[in-house]
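# Structural overview
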Amino acid sequence: MPLIEAAIITERTIREFVVSTLHNQGMSRKRIKELKNDLTFSLNSNVFIPLCLSKNEALRLEKHIDGVNKLRKIRNDVAHGNIGYNEVSFDDAKEAVESSMALVKAIEAKLHES
């Protein structure tokens, strides 16, 4: 299962999008650099992504954001030893990875239009 890889790619893409949007909204590179450690996967996914999208885009991607949260939680549980990799259900893994791919695709499109 490519869960960890999907989480890494998704987190990197979301962070890149949030940083790009903050910069495009006039935030200085210095300020963004100061904030980077506070731009967590959870905060970016649940707060900044919806704020960086139009209302229609956010609504359209809501189920994928929820799936990315599932991916993030699974990744954290596996990484911190709360569950074994083999304890992750196939359906949960499939949903999380598919949501991750859909959200990354949508964000990549947004990054290339700016």
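Preceding block: the structure.
Structure report, in brief. Along each chain, the written sequence defines residue order, and numbers are assigned to residues from 1. Residues qualify for local features only when their pLDDT is at least 70, as the model is predicted, and side-chain atom pairs are given and counted only at 80 or more; totals for whole chains, interfaces and linings, by contrast, use all residues. Side-chain measures were taken over the full set of non-hydrogen atoms in the model, leaving aside hydrogen atoms and water.

Numbering of helices and strands runs from the N terminus; a helix is a DSSP stretch of H or I covering at least four residues, while a strand is a stretch of E covering at least two. Within the protein chain, the regular secondary structure consists of 5 helices and 0 strands. The order of helices and strands in the protein chain, counted from the N terminus, is α-α-α-α-α. On C-alpha atoms alone, the protein chain measures out to a radius of gyration of 14 Å, which is about the 13 Å that the 2.2 N^0.38 rule sets for 114 residues. Its C-alpha atoms give the protein chain principal-axis dimensions of roughly 45 × 30 × 20 Å. Remark: exposure states derive from per-residue accessible area (1.4 Å probe, protein chains only) relative to the maximum for the residue type, with buried under 20%, exposed over 50%, and partly exposed in between. Put simply, the protein chain has 114 residues, and 39% of those count as buried. In the protein chain, of all internal contacts separated by at least 6 residues, the share reaching a separation of at least 24 is 77%. For the area figures, the Shrake-Rupley method with a 1.4 Å probe applies, and any residue is considered shielded solely by the protein chains shown. A total accessible area of about 7000 Å² is found for the protein chain, and carbon and sulfur atoms account for 53% of it. Note that His is not counted, nor are the chain ends; the positive residues are Lys and Arg, and the negative ones are Asp and Glu. For charged residues, the charge sits on one atom: NZ in Lys, CZ in Arg, CG in Asp, CD in Glu. Across the protein chain, the mean location of the 17 positive side-chain charges is 7 Å away from that of the 16 negative side-chain charges. Here the globule rule reads 2.2 Å times residues to the power 0.38, and the radius of gyration is calculated from C-alpha atoms. Only heavy atoms enter the contact rule, under which two residues are in contact if any of them lie within 4.5 Å.

The geometry of helix α1 (residues 3–24) relative to helix α5 (residues 90–113) is characterised by a closest axis approach of 9 Å and an angle of 30° between their N-to-C directions. Judged by the inter-axis angle, α1 sits roughly parallel to α5. Of the two elements, α1 crosses α5, and the hand of that crossing is left-handed. Between α1 and α5, the residues in contact are L3, A6, I9, T10, R12, T13, I14, E16, F17 and S20 and A93, A96, V97, S100, L103, V104, I107, E108, K110 and L111, respectively. Only the stretch in contact is used when fitting a helix axis, every axis being a line fitted to C-alpha atoms; angles between N-to-C directions are given from 0 to 180 degrees. Oblique is the label for any angle not covered by the other classes, which are roughly parallel (under 35 degrees), roughly antiparallel (over 145) and roughly perpendicular (65 to 115). If you view the pair so one helix is near and one far, a crossing is left-handed when the near helix is turned anticlockwise from the far one by less than a right angle, and right-handed when it is turned clockwise.

This next bit is on the nonpolar core. Working definition of a nonpolar core: buried Ala, Val, Leu, Ile, Met, Phe, Trp, Tyr and Cys residues. They are joined through side-chain atoms within 4.5 Å. Counting residues in hydrophobic clusters, the biggest one holds 29 residues, and the most contacted among them are L3, I14, F17, I49, L103 and I107. At the level of secondary structure, the elements contributing two or more residues to this core comprise α1, α3 (41–52), α4 (55–79) and α5. For this core, the element with the most residues is α1, which contributes 8 residues. Here L103 is in contact with I14, L61, H64, I65 and V68, once residues within four sequence places are set aside.

Moving on, we come to the pattern of salt bridges. A pair is scored as a salt bridge if a Lys or Arg side-chain nitrogen falls within 4 Å of a carboxyl oxygen belonging to Asp or Glu. With the rule as written, the count across this model stands at 8 salt bridges. K70 serves as the salt-bridge partner of E95, at 2.9 Å between the closest nitrogen and oxygen. Taken together, the residues span a long stretch of sequence, with E95 in helix α5 and K70 in helix α4 at a distance of 25 residues. One salt bridge connects K94 with E98, and the closest N-O pair in it is separated by 3.1 Å. With a gap of 4 residues between them, K94 and E98 both fall in helix α5, about one helical turn apart. K94 sits in the partly exposed class, given a relative accessible area of 40%. Note on E98: relative accessible area 41%, which makes it partly exposed. Connected through salt bridges with shared partners, the residues E57, K110 and E113 form a single ionic network.

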